[in-house]
There are 2 protein chains.
Amino acid sequence: MAQTAAKKPSRIQLRNRRRIMDAALEVFSQHGYRGATLDQIAEGAGMSKPNLIYYFDGKEAIHVALLNALMTEWLAPLQDMNPGGEPLDEILTYVRRKMEMSRLYPRESRLFANEILQGAPRMGPHLVSGLKPLFDEKAALIGRWMEDGRLAKSDPQQLILSIWAITQHYADFDAQIRALIPDEAAGWDAANAHVERIFRELLTAN
Amino acid sequence: MAQTAAKKPSRIQLRNRRRIMDAALEVFSQHGYRGATLDQIAEGAGMSKPNLIYYFDGKEAIHVALLNALMTEWLAPLQDMNPGGEPLDEILTYVRRKMEMSRLYPRESRLFANEILQGAPRMGPHLVSGLKPLFDEKAALIGRWMEDGRLAKSDPQQLILSIWAITQHYADFDAQIRALIPDEAAGWDAANAHVERIFRELLTAN
DNA sequence: TCGTACCTTTACCAAATGGTAAAAAACACG
DNA sequence: CGTGTTTTTTACCATTTGGTAAAGGTACGA
């Protein structure tokens, strides 16, 4: 049972698992859970299907492993929002980092979007146990900043949602955006400027 | 060939096609294209699978029919943005109508999101031929309003994108939102207020 | 009421898909 | 080397799934 991994993982194991996760991210993010096939993932990972199964208990196990790994990295920018910092800076920095993630890691964003779109069937608990505490903590922090008059008042929870909505949109709806704005040149610059402007105006309203 | 529909569709045909589209919307929006099965749709429509195929040429034909129907209704609010109206009102009305659509027709929003997420494989042409002209027209309109000093200046294309991002997020990421903000009571009121505030601040910035 | 066109069901099918069994190959290491 | 363990391959399999063939019902105008 390579999966239980109570022992030390061998070099080969490490390499192949990484390959699998990589290929799986590609396939799952592009086709969704049910649209992805083990054959596609196996081909992407450069190994046979039974060999996949040797490293992961099955299709669902791969997907869950991906989501788990994703969750951790994904939350870092929010986690880094510093209660001791300058409120506007902290939030705009968060916004910028989210934009950067959408630009650099669109597959991860789409994997997540796919899962949520379908009702988070393999992630519901994770949302509540992993994301919600952080969400509540940071919403409370922002709320305090607003109370202290360091930011224009608005609904902190809604604020976070709208940051997610706008920033992730650039990754998730990339196909649409490219169809509507074919000019790729200043694409990300215009997007970054606009998004920053939105939240700056909102948070510094008189 | 019931599908070519060069004749008058009978009562039964009308009724059954509507049933199928309804069931298909439910299934496709929840599971994505490949995750949906004809059996599920057939069951939802209350008929046998071969009977489905009698009314539509196949799985893909149903999906395409859905997307086509969706496109038309979906564009109405943007189409209604009136060049003769008061700019801020026109845009905020558009925002409100989009929020209303997310609240009332989340399945349609998710169907669309699913298709875009996967690269718009069955919709690419439609985006360019149907959506892009309208997008360009309205972006130009908003641009003129800004030039005339009737709205705070920003990037009109990005503005429209951000309206879509935020409003559709409430439908597409509903599962996440409900996990994070279980209090359903003032959910839509808070969302509506926040979203309106965002765009009001942006468009009336000094 | 009869015929015809429309609608529905029953019985299938080929391909795809997630997964298994077991033998063969590669490897680690004393 | 030789031997026990890890990794990979080959050959399958049961189920699911999109779709078809063809016969049986049903509505409805003449």
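Residues numbered from 1 in each chain as written. Chains lettered and ligands numbered in written order. Predicted model: local features only at pLDDT ≥ 70, side-chain atom pairs only at ≥ 80, totals over all residues. Heavy atoms only, no water.

**A word on the overall build of chain A**
Helix and strand content of chain A: 10 helices and zero strands. Element order for chain A, N to C, with α for helix and β for strand: α-α-α-α-α-α-α-α-α-α. Dimensions of chain A, computed from C-alpha atoms along their principal axes, come out at roughly 65 × 45 × 30 Å. Long-range pairs, those at least 24 residues apart, make up 69% of the contacts in chain A with a sequence separation of at least 6. (Helix = DSSP H or I, 4+ residues; strand = E, 2+ residues; numbered from the N terminus. Contact = heavy atoms within 4.5 Å.)

**Observations concerning the interface of chain B and chain A**
With 56 residues of chain B in contact, the opposing surface of chain A contributes 56 residues. Surface buried jointly by chain B and chain A totals about 4700 Å² across both partners, of which 67% is contributed by carbon and sulfur atoms. Summed over the shared surface of chain B and chain A, the number is zero salt bridges. In this assembly, chain B and chain A are joined by 10 residue pairs in polar contact (both at pLDDT 80 or more). Mapped onto the side of chain B that touches chain A, the elements with two or more residues apiece are α1 (11-35), α6 (106-117), α7 (124-147), α8 (156-172), α9 (174-180) and α10 (187-203) of chain B. Considering each element in turn, the side of chain B that touches chain A owes the most residues, 12 residues, to α8 of chain B. Partitioning the side of chain B that touches chain A into residue classes produces 28 nonpolar, 19 polar and nine charged. (Buried area = accessible area lost by both parts, 1.4 Å probe. Salt bridge = Lys/Arg side-chain N within 4 Å of Asp/Glu carboxyl O. Polar contact = N/O pair within 3.5 Å; in protein donor to acceptor, adjacent residues only side chain to side chain. Nonpolar A, V, L, I, M, F, W, Y, C, P; charged D, E, K, R; others polar.)

**What about the protein's contact with DNA strand D?**
Taken together, 18 residues are adjacent to DNA strand D, and S10, R34 and Y55 of chain A together with L38 and K49 of chain B come closest. Contact distances for DNA strand D include 3.0 Å between a phosphate oxygen and a side-chain N or O atom of N16 of chain A. Contact between DNA strand D and L38 of chain B: a phosphate oxygen at 2.8 Å from a main-chain N or O atom of the residue. Of all the secondary structure elements, the ones that give two or more residues to the surface near DNA strand D are α1 (11-35) and α3 (49-55) of chain A together with α3 (49-55) of chain B. (Near = heavy atom within 4 Å.)

**A few points about the UniProt feature "domain: HTH tetR-type" (unreviewed entry) in chain A**
Here, UniProt's "domain: HTH tetR-type" (unreviewed entry) annotation points to residues 14-74 of chain A. For residues 14-74 of chain A, the helix share is 87%, the strand share is 0%, and the end-to-end C-alpha distance is 22 Å. (UniProt positions renumbered as here; feature names shortened; annotations may be inferred.)

**Here's the deal with the protein's contact with DNA strand C**
Taken together, 17 residues lie around DNA strand C, and L38 of chain A together with S10, Q13, R34 and Y55 of chain B are the ones closest in. When the atoms of DNA strand C within 4 Å of the protein are grouped by moiety, sugar and phosphate amount to 63% of the total. Backbone polar atom of A36 of chain A to a phosphate oxygen of DNA strand C: 3.2 Å apart, as the coordinates give it. Between DNA strand C and N51 of chain B there is a distance of 3.3 Å, counted from a sugar or linking oxygen to a side-chain nitrogen or oxygen. Breaking the surface near DNA strand C down by element, the ones donating at least two residues are α3 of chain A together with α1 and α3 of chain B. Split into classes, the residues belonging to the surface near DNA strand C amount to seven nonpolar, seven polar and three charged.

**Brief notes about helix α10 (residues 187-203) of chain A**
Here α10 of chain A is 17 residues long and its end C-alpha atoms lie 25 Å apart, about the 24 Å a rise of 1.5 Å per residue gives. Of the residues making up α10 of chain A, those classed as buried are A191, H194, V195, I198, F199, E201, L202 and L203 of chain A. (Expected span 1.5 Å × (residues − 1). Buried < 20%, exposed > 50% of the residue type's maximum accessible area, 1.4 Å probe, protein only.)

**Considering the confidence of the model for chain A**
Residues and elements named next belong to chain A. Taken as a whole, chain A shows an average pLDDT of 92; of its residues, 95% reach a score of 70 or greater. Averaged pLDDT values over the elements of chain A bottom out at 92 in α1 and peak at 98 in helix α8 (residues 156-172). The low-confidence segment residues 1-6 (pLDDT under 50) makes 10 contacts with residues lying over four places distant or belonging to another chain. (pLDDT = per-residue confidence, 0-100.)

**Observations concerning the nonpolar core**
Counting residues in hydrophobic clusters, the biggest one holds 138 residues, and the most contacted among them are I91 and F199 of chain A together with I91 and F199 of chain B. Beyond its immediate chain neighbours, meaning those up to four positions away, I91 of chain A contacts M81, I142, W145, L151, L159, I163 and L203 of chain A. (Core = buried A, V, L, I, M, F, W, Y, C linked by side-chain atoms within 4.5 Å.)

**So, the domain arrangement of chain A**
All names here are of chain A. Structurally, chain A comprises domain 1 (11-57) and domain 2 (65-203). Taking the mean C-alpha position of each, domain 1 and domain 2 sit 28 Å from one another. Taken together, the contact between domain 1 and domain 2 spans 10 residues of the former and nine residues of the latter. Contact with domain 2 buries area across many residues of domain 1, yet M21, L25 and S29 alone supply 55% of it, more than any other trio. Linking E26 and R107 is a salt bridge whose minimum nitrogen-to-oxygen distance equals 2.7 Å. Taken together, domain 1 and domain 2 are joined by two residue pairs in polar contact (both at pLDDT 80 or more). Split into classes, the residues belonging to the side of domain 1 that touches domain 2 amount to six nonpolar, two polar and two charged. (Domains from an automatic or database assignment.)

**Some words on the relation of the copies chain B and chain A**
Expressed as a screw transformation, the operator carrying chain B onto chain A has a rotation angle of 180° and an axial translation of 0.0 Å, and the superposed copies differ by an RMSD of 0.0 Å. On this basis, the relationship between the two copies can be described by a two-fold rotation axis. A shared binding surface is used by both copies, with 100% of the interface residues of chain B retained as interface residues in chain A. (Least-squares fit on C-alpha atoms with pLDDT ≥ 70 in both.)

**A few points about the environment of I160 of chain A**
Tracing the backbone through its elements, the reader meets I160 of chain A in helix α8. For the pair I160 of chain A and I91 of chain A, spaced 69 residues apart in the sequence, the C-alpha separation amounts to 9.4 Å.

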